[in-house]
Amino acid sequence: MQINCEIYFYTSDARQYRTEALQIADILETKLLEPLFITDDFVIYPENVRTEINGSNMLCSFDFSILEEIPQEDISLAEELENSIINCTDSMDYTEDTDSADKEMI
């Protein structure tokens, strides 16, 4: 799934806006070339990074996708649960209760 993100930056000094905005745009463009590791198992992959300077503000937009690794123990637990459900349904007795059927007819 692709998600779009926009970052707005307003300069601290209107007289120096172009220099400051260009510096921030350069930092963002450089940092967003690499995956962003939130944790060891949760990574954001930025794509299509675009910056635009307009007057005293800068807009940086990019798309990103997220990858989250599922720990092996969670996969094993899910497989174990699935197997126990399958075994439980296989062992169920599907015989009809003839006594209750006779009582309903009376």
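## Quick look at the sheet that holds strand β4 (residues 57-68)
The antiparallel open sheet is built from 4 strands, whose spatial order is β1-β4-β3-β2. Of all strands in the sheet, those with a lone pairing partner are β1 (3-10) and β2 (36-37), marking the two edges. When β2 meets strand β3 (residues 42-54), the two strands line up antiparallel, connected through 2 bridges. Directly across from F37, in β3, lies its bridge partner V43. Most of the contacts of helix α1 (residues 17-31) go to β3, to which it runs at about 155 degrees, and overall it touches β1, β2, β3 and β4.

## Let's talk about the nonpolar core
Judged by nonpolar contacts, F9, A21, A25, L28, L32, I44, M58, C60, F62 and F64 together constitute the single largest core of 10 residues. Elements with a contribution of two residues or more to this core: α1 and β4. Tallying contributions element by element places β4 first for this core, with 4 residues.

What counts and how
Residues numbered from 1 in each chain as written. Predicted model: local features only at pLDDT ≥ 70, side-chain atom pairs only at ≥ 80, totals over all residues. Heavy atoms only, no water. Pairing = 2+ DSSP bridges. Helix = DSSP H or I, 4+ residues; strand = E, 2+ residues; numbered from the N terminus. Contact = heavy atoms within 4.5 Å. Axes fitted to C-alpha atoms, helices over the stretch in contact; angles between N-to-C directions. Core = buried A, V, L, I, M, F, W, Y, C linked by side-chain atoms within 4.5 Å. Buried < 20%, exposed > 50% of the residue type's maximum accessible area, 1.4 Å probe, protein only.

Such coordinate-based values are descriptive only and should not be taken to indicate function.
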